[in-house]
Every structure is written in C-alpha cells, then in structure tokens.
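Structural overview for review
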Amino acid sequence: MKYGIILLLAGLMAGCQPKQADTHADESASGAHEGEPGGHEAASSRATIFADSLELFMEYGPLVCNEEAGFLAHITILNDDYQPLKGSSVVLNVTFAGKTEVIPFEAKDVAGIYHAVYNPLEEGFSMISVEAVFHNKLVVFNLDTVPVYHCDHDVQEKVQEHENLIAYTKEQAWKTDFSTQPVVQRPFNQIIKTSGQVLPARGDEMMVPATASGMVKSGPADLVPGIRVQKGQWLFSIMTSDLSEDNLQTQISLALTTLEKAQSDFNRAEELIRENIISQKQYIEAQTVLAEATTRYKALTRNVTSGGKHIFSPNSGYLKTVYVHEGDYVTVGQPLAMISQNQRLVLKADVSPRYSSELPGVVSATFKTLYNNEVHDINALGGKLVSFGKTADNYTFYTPVFFEFDNGGEIIPGSFTEVYLKLANKPRTLTIPLTSLIDEAGTMYVYIQIDGELFEKREVKAGENDGRDVAILDGIREGERVVATGAIQVKMASLSSSIPHGHAH
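Each value, and the rule that gives it
Residues numbered from 1 in each chain as written. Predicted model: local features only at pLDDT ≥ 70, side-chain atom pairs only at ≥ 80, totals over all residues. Heavy atoms only, no water. Helix = DSSP H or I, 4+ residues; strand = E, 2+ residues; numbered from the N terminus. Contact = heavy atoms within 4.5 Å. Areas by Shrake-Rupley, 256 points an atom, 1.4 Å probe, with all protein chains shown as cover. Pairing = 2+ DSSP bridges. Phe/Tyr/Trp six-rings, centres within 6.5 Å; stacked < 30°, edge-to-face > 60°. Buried < 20%, exposed > 50% of the residue type's maximum accessible area, 1.4 Å probe, protein only. pLDDT = per-residue confidence, 0-100. Salt bridge = Lys/Arg side-chain N within 4 Å of Asp/Glu carboxyl O. Polar contact = N/O pair within 3.5 Å; in protein donor to acceptor, adjacent residues only side chain to side chain. Disulfide = S-S within 2.5 Å. Core = buried A, V, L, I, M, F, W, Y, C linked by side-chain atoms within 4.5 Å.

**A closer look at the overall build of the protein chain**
- Summing up its helical and strand segments, the protein chain has 5 helices and 34 strands in all.
- Counting contacts in the protein chain only where the partners sit at least 6 residues apart, residues at least 24 apart contribute 71% of the total.
- Accessible surface, the protein chain as shown: approximately 27200 Å² in total, 52% of it carbon and sulfur.

**Observations concerning the sheet that holds strand E11 (residues 137-149)**
- With mixed pairing, the 5 strands of this open sheet are ordered in space as E3-E11-E10-E6-E7. Of all the strands in the sheet, the pair left with one neighbour each is strand E3 (63-64) and strand E7 (99-104).

**Regarding the packing of aromatic side chains**
- Tallied over the entire structure, the rule returns 6 aromatic pairs.
- Between the aromatic rings of Tyr-82 and Phe-178, the centroid separation amounts to 5.0 Å while the plane-to-plane angle is 75°, which identifies the pairing as edge-to-face. Note that Tyr-82 is positioned in the loop between strand E4 (69-77) and strand E5 (83-84) and Phe-178 in the loop between helix H2 (170-174) and strand E13 (179-182), a separation of 96 residues in sequence.
- Residue classification places Tyr-82 among the buried positions, given a relative accessible area of 1%.

**Considerations on the sheet that holds strand E17 (residues 228-229)**
- One open sheet accounts for 4 strands, arranged E15-E23-E21-E17; its pairing is antiparallel. Each end of this open sheet is capped by a strand with a single partner; those strands are strand E15 (205-209) and E17.
- With 2 bridges connecting them, E17 and strand E21 (residues 317-322) associate as antiparallel partners. Residue pairing in the sheet places Val-229 in a bridge with Gly-317 of E21.

**Quick look at unusual backbone geometry**
- Notably, Ala-97 is not glycine yet its phi reads approximately 55°, a positive angle.
- For Ala-97, the location among the structural elements is in the loop between strand E6 (90-96) and E7.
- Of note in the backbone geometry, Asn-136 takes a positive phi value of approximately 60° without being a glycine.
- Inspection of the secondary structure puts Asn-136 in the loop between strand E10 (124-134) and E11.
- Judged by relative accessible area, Asn-136 falls into the exposed class, the value being 82%.

**Observations concerning the confidence of the model for the protein chain**
- In the predicted model, the protein chain carries a mean pLDDT of 82, and 84% of its residues have values of at least 70.
- Confidence over residues 1-14 falls short of pLDDT 50; this stretch has 0 contacts with residues more than four positions distant or in other chains.

**Re the pattern of salt bridges**
- Taken as a whole, this structure holds 17 salt bridges when the rule is applied.
- Put simply, Lys-170 and Glu-55 hold a salt bridge, and the shortest N to O gap is 2.4 Å. Taken together, the residues span a long stretch of sequence, with Lys-170 in helix H2 and Glu-55 in strand E2 (residues 54-60) at a distance of 115 residues. With respect to class, Lys-170 is no different from Glu-55; both count as buried.
- Arg-344 is the salt-bridge partner of Glu-404, the closest N and O atoms lying 3.0 Å from each other. Taken as a pair, Glu-404 in strand E28 (residues 399-406) and Arg-344 in strand E24 (residues 344-351) lie far apart in primary sequence, 60 residues in all.
- Judged by relative accessible area, which is 19%, Arg-344 ranks as buried.
- The network of salt bridges with shared partners includes Glu-456, Arg-458, Arg-477 and Glu-480.

**A short note on the side chain of Glu-480**
- By the element assignment, Glu-480 lies in the loop between strand E33 (469-474) and strand E34 (481-485).
- For Glu-480, a relative accessible area of 12% gives the class buried.
- At a separation of 2.8 Å, a polar atom in the side chain of Glu-480 contacts the side chain of Arg-458.
- Setting aside residues up to four positions removed in sequence, Glu-480 forms contacts with Gln-181, Pro-182, Val-183, Ile-448 and Arg-458.

**Observations concerning the state of the cysteines**
- Taken as a whole, this structure holds 0 disulfides when the rule is applied.
- Of all cysteine sulfurs, the one in Cys-151 lies closest to Cys-65, which takes part in no disulfide; the gap is 8.8 Å.

**Considerations on the nonpolar core**
- Membership of the largest hydrophobic core comes to 32 residues, with the highest contact counts inside it found for Met-58, Phe-71, Leu-92 and Phe-105.
- Breaking this core down by element, the ones donating at least two residues are strand E1 (45-51), E2, E4, E6, strand E9 (113-118), E10 and E11.
- When sequence neighbours within four positions are dropped, the list of residues in contact with Leu-92 reads Phe-71, Glu-101, Val-102, Ile-103, Phe-105, Tyr-118, Ile-128, Ser-129 and Val-130.
- Counting 19 residues, the second largest nonpolar core, distinct from the first, contains Leu-347, Ala-349, Ala-365 and Leu-381.

**Quick notes on the environment of Gly-98**
- Inspection of the secondary structure puts Gly-98 in the loop between E6 and E7.
- With 29 residues separating them along the chain, Gly-98 and Met-127 place their C-alpha atoms 9.6 Å apart.

**Side note on the environment of Gly-232**
- Its place among the elements puts Gly-232 in the loop between E17 and strand E18 (234-239).
- Considered as a pair, Gly-232 and Ile-311 are 79 residues apart in the sequence and their alpha carbons are 8.8 Å apart.
- Once you skip the residues sitting within four places of it in the chain, Gly-232 turns out to touch Phe-312 and Ser-313.

**What to know about the pairing of E9**
- Summarising burial for E9: 5 of the 6 residues are buried, a large majority.
- With 6 bridges joining them, E4 and E9 adopt antiparallel strand pairing. Counted as the bridge partner of Leu-72 is His-115 from E9.
- Pairing of strand E8 (residues 106-107) with E9, which is carried by 2 bridges, proceeds in the antiparallel orientation. Across the sheet, Glu-106 pairs through a bridge with His-115, a residue of E9.

As structure tokens, then:
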C-alpha cells in the first residue's frame, strides 16, 4: 500500500513536469519541427479580430507555467487588394496580476506573418492584446481572457469542430484577387433592370466644316480617331488652285475688286452727302455695300496661305470621326471631322412600357458597359436625371429615360450598357456584394468567414440587385462576414477535404 501511494505521487509529479512547447500553436505532434517549443494541438486556439481596416488572425498554444507558448499572427490590410501588412512593428502585450509584459513579434519569411514566444511563470488568467502600426497609427487587437494552467494535466481539451468548413489560408488569399466584407443593413432601392446606351451630351461635340470648296489635304498631324487635339490646331488644308470652278484665288480676286469698288463708291458718297447732293438713304446704302464686301473678303482670305486654306480645330477635345480622306473634293459647309470634348455624357435607358407608371419614381441609376464589368453610379459621376419620355418610341416601343453625367475619361460614347434604374428607397435591407453569390444550378450560395482561414458554404435567398450589391432575403445575418471577391477560389479549395490545424511556415 505504501509503495502504491509513492508511485501515485511520483506519477502526478511527473505529469506536471515542465517540457518544451511547440512554437507552432496548432501544429500536430507528428508534424512538429525538432527543437521548436509547443505541442498542445488539441488545446490550441484561434482568434480573428477586425480593427481599423486590419484583420488579425492568430493561432496560439495553451499557456502553461514555465512552458513556452508560440503565437503566430497573420495581419491583413482589408482594402480592395487584401494584402498582408508588411514590415510593421508588432508587439504582444500580456497583462497578469496588474503587470504587463511586452513581447515583440518577429517577422517570418512570409510577409504579413509574425511570430512571438511567451513563457508564463504563474497560473491564473492573463489579458492578451496585439498592437500593430498601420499608416503611422497604433492599432490594438484585444483578445479574450486567457487562462494560464499549472501543468499539462490541467489543460482543457478543445474539440475542433471543422465539419463542412473549407480551409483557405492567408497565404493563398494574399496571392489572389480576394476580399471579405461584413453583411450590413442599409436602405436599398427598388430596381428596374434594362438596357441603354451612352451618348454625347448636347454641346459636347462640335463639327469641323469645310470653309471653301476644293481638294482636302491633311495637316501636319496624323488624323486618327481618338487622338487629342487642341483648340486652334491645324487639321486640314483645302487646295483650290487647280480647280476651274470654285477656285478660291479667283473668288478672292473678285471679292477684292468688289471691295475696292465699294470703298470708292462710299468715299464718293461721303463727299456728296456733305454737299446734300444725295440723300441719307443713298449714303447708308453705299455704307452697307462696303461692309458686306469687307466681310466677304475677310472671310475668304482668313487662314489662306500659298498652300491653300487651313482648317483649324474649333475646340480642344478628342477627334471622334474623320469624314474625308486625303484628296477628297469637298464643298463649302461639308463636314470634315467631329471633335468631342468627352467631358459630359448622356445615359439613355430604354424602359419597357409595363414600367411606365413607375418612371416618375426614378431617382438615380447605375450602369455598366458591355466591354467592362465596372459598375458606374450616376450620382458618383456628378450626374442627374434629365427627363423621361411621356410616350414610347415609334420604332422600339420603349420609353426613354435620360441621365447626364461627367465622364472621367474611361467611358466611351456610343457604348451599349446594362442599366439599373433606382426607384424610391425600400426599408433597410441586408445587402452583400453581387460578386459574393455563387450560382449552382439555380441555387445561390455564399461563403461565410468563420475565422481567419475557415469558411462555411451557405445557401441564401437573393432579392433584387443594382449591378453592384444584392439584397439578401434569407440565409445570413447582419454582422457576419462574406467573401466579396474570390468566392470561386474558395469553391476550388472546398474540393480538398483536409482541414489544416496550423502552419509550418
């Protein structure tokens, strides 16, 4: 009996002997690297915290007195690029019994991953936080209270519930087009989805006409549609010297002769009016003939050189269309080119007659062109609703709705578009990005982020969309986080059935 008690006490003492712990908090014993502390795979913990445009995903082992515990932190910048936070100063703060120990993280080989080791000396409860510097600002991530155990036998086993979850690591996400976004409630407009076209705004385009008859010759620049032209830039020359009719030099000579005669007649009229030989009416008639002759002569001789009559751009903008070729014969007033400023555009939406009664409720619109999936918001482009038709078009039987907006340069006039007309606001509605939806045989799914690297595939019921966001009627809750871009990558990762328990970076 005495020996049994001694053996029991020896066993208990042996069970609480300190040992080296693995720095890879979630790495299994069979995969642990020799010489690295840690080894409590069953009791390892994962924490995912969002703060100030950053996401912290941290894995750490159980805290046991006099044993080193590893902390592996993955820090992601939550912008459109979804990139790791590189080269930041990151520290681990452990507060125990009113005293705080500050432990610096060391950067791992993979950018955005930081590693720290903490050795607690007393059992109890610790408060843990992580601090990182982002854009010269200190960002703090506060974890829950973490217990410090007396020995290994006190560590409470944790059951990892990974059924039906999909693993997609930070390293994978950082290398792909990926982002997540919280599910929020916001006012959402009723939508009329239709088609339309982008047109130039009135006054935004200017025709360049021929001011003389003759043969066209291009100016010093290659006139290719799309090039930038400046106001007063030389575009064409019109050659008339080889023409038997409509010869510009002949017209100028005749105009000069007419001008000289009109000037002589007016000078004579001035002398006669002083002597009251002619009436005031005759004097005014001579003055009018002189003015007309002067105007005609100046018009004919404007921009005329020995190389012909030059045609200049009336405005700055882009050369939209060239209507003539080198050597073409043109007459006065014939269009030579079209200059578009491309600054103000019109969106014309063609609406089915069944929505005619709802058109007075249209407040705005979004649209995307067929050559680009980017969704443009009329309000964001400084646009406004101009008008809507009161009758249907005679040929298409659709009712037009017109919006005018500023062009940042990326929208091409003439483009056909998908248009989402916005009506009055609905009550606050759960919305997510339209790119979050995965359509599988008519059933809609999204991927919910459970923690930093685990995702759940969930069926949802989708409502209307405005080309950018979609209303969700059932399947998710406000505050949950969905994969906004890169859902297809997570779907591909779901083909693997293995769920990693840690990282061996």
